[in-house]
Amino acid sequence: MEVLRQRIERQVMGVTGLALGDIDYEHPRGDPGLFGPESVIWRVHGDFTAMLCGGIGALMLQMLHPLALAGVWEHSRFREDMPGRLRRTSQFIAATTFAPRADAERLIARVKGIHRRVTGVAADGRPYAADDPALLTWVHVAEVSCFMAAHLRYCNPGLSLAGQDRYFAEAARVAEALGAAGVPKSRHDIDQYLQRMLPELVFDERTKEIFRLLLAAPAPSPAARPLVGLLMKAGMDLLPPWALVMSGRQLGGLERRGVRLGVHALALVLRWAVRNGASHRARRRMGR
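Residues numbered from 1 in each chain as written. Predicted model: local features only at pLDDT ≥ 70, side-chain atom pairs only at ≥ 80, totals over all residues. Heavy atoms only, no water.

A. Seen up close, the UniProt feature "domain: ER-bound oxygenase mpaB/mpaB'/Rubber oxygenase catalytic" (unreviewed entry) in the chain. Mapped onto this structure's residue numbering, the UniProt feature "domain: ER-bound oxygenase mpaB/mpaB'/Rubber oxygenase catalytic" (unreviewed entry) falls at residues 42-272. End C-alpha to end C-alpha, residues 42-272 measures 19 Å, and it is 71% helix and 3% strand. (UniProt positions renumbered as here; feature names shortened; annotations may be inferred. Helix = DSSP H or I, 4+ residues; strand = E, 2+ residues; numbered from the N terminus.)

This is the structure we're talking about:
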């Protein structure tokens, strides 16, 4: 069983930011990073399965904004190197949550530098810049709303409203460090923000292509292909109802139940197998 556990863990680590290998989550001892183990963000971001589903949903939701989509379409190798893009995104989220403070701040500075170079004109003729404070807020809210939806569905459906508010307030610190402005910091404010953004969102041919690529995402091995398909559908299932209507990709009732049962079962296996993720290493750093 230990050989099987280690094999599963190696495959999981290979698709995360840990595969990039440039952050030591276990040293220096006692460094709490940006948040520390008593934070809600450590709990929400600490479950690999839920975060993977939430990250997929977040990317789908982000791509409904024409300016966010333009930046990815024109300045990212996402279509040619989806695993690489997902690893880098995973690394940023893990590092800003769990890494020692110096590493977290280094990753934030690196991303800010990348954002300064991402500019252009979207398909609708509007100029865009990745460091636009309003656009950064949209990307952030799409992320944290999907992370929370995944946490409530697959980890802790009983997380209190106060706990959810604390999570959104903690996560807002990273968005503001990147340059976001007017970041909503409570469940109510997140919901209100998403409703205000509806008139700006579009599902066009480019968005359709991103959804198609995600739902047909490559697997690290042939045996993992059904699991990757399951996780991609689970990510889509986390989207708000209005986003699913826009995409025209709503899951049927039986399929939805099958996806959720499948993810719950997969989560049990991964929680047993993965013992050296970023959250585990960070807890060891803090003597937990």
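Structure's up, so let's keep going.
B. Region of interest: the pattern of salt bridges. Scanning all chains against the criterion turns up 19 salt bridges. Arg 126 is the partner of Asp 124 in a salt bridge, and the nearest nitrogen-oxygen pair spans 2.9 Å. Its relative accessible area of 34% is what places Arg 126 among the partly exposed residues. Arg 256 serves as the salt-bridge partner of Asp 237, at 3.5 Å between the closest nitrogen and oxygen. Taken together, the residues Asp 237 in helix H11 (residues 225-237) and Arg 256 in helix H13 (residues 253-273) connect sequence positions 19 residues apart. Counted as one network, the salt bridges with shared partners bring together Asp 22, Asp 103, Arg 106 and Arg 110. (Salt bridge = Lys/Arg side-chain N within 4 Å of Asp/Glu carboxyl O. Buried < 20%, exposed > 50% of the residue type's maximum accessible area, 1.4 Å probe, protein only.)

C. Seen up close, H11. When the terminal C-alpha atoms of H11 are compared, their 18 Å separation across 13 residues agrees well with the 18 Å that a helix rising 1.5 Å per residue should span. When we look at burial in H11, the residues that qualify are Val 228, Gly 229, Leu 230, Leu 231, Met 232, Ala 234, Gly 235, Met 236 and Asp 237. Residues of H11 that are buried make contact with helix H3 (48-62), helix H7 (133-154), helix H10 (205-215), helix H12 (241-247) and H13. (Expected span 1.5 Å × (residues − 1). Contact = heavy atoms within 4.5 Å.)

D. Quick look at helix H6 (residues 101-116). Counted at 1.5 Å a residue, the expected span for H6 with its 16 residues is 22 Å, and the 23 Å between its end C-alpha atoms agrees. For H6, the full list of buried residues reads Asp 103, Ala 104, Leu 107, Ile 108, Val 111, Gly 113 and His 115. Buried positions along H6 lie against helix H5 (82-98), H7 and helix H8 (161-178).

E. Focus on the environment of Ala 142. Relative to the elements of secondary structure, Ala 142 occurs in helix H7. On the basis of relative accessible area, Ala 142 is assigned to the buried category, the value being 0%. When the C-alpha atoms of Ala 142 and Gly 54 are compared, they prove to be 9.6 Å apart, with 88 residues separating the residues in sequence. The residues contacting Ala 142, other than those within four sequence positions of it, are Ala 58, Leu 61 and Gln 62.

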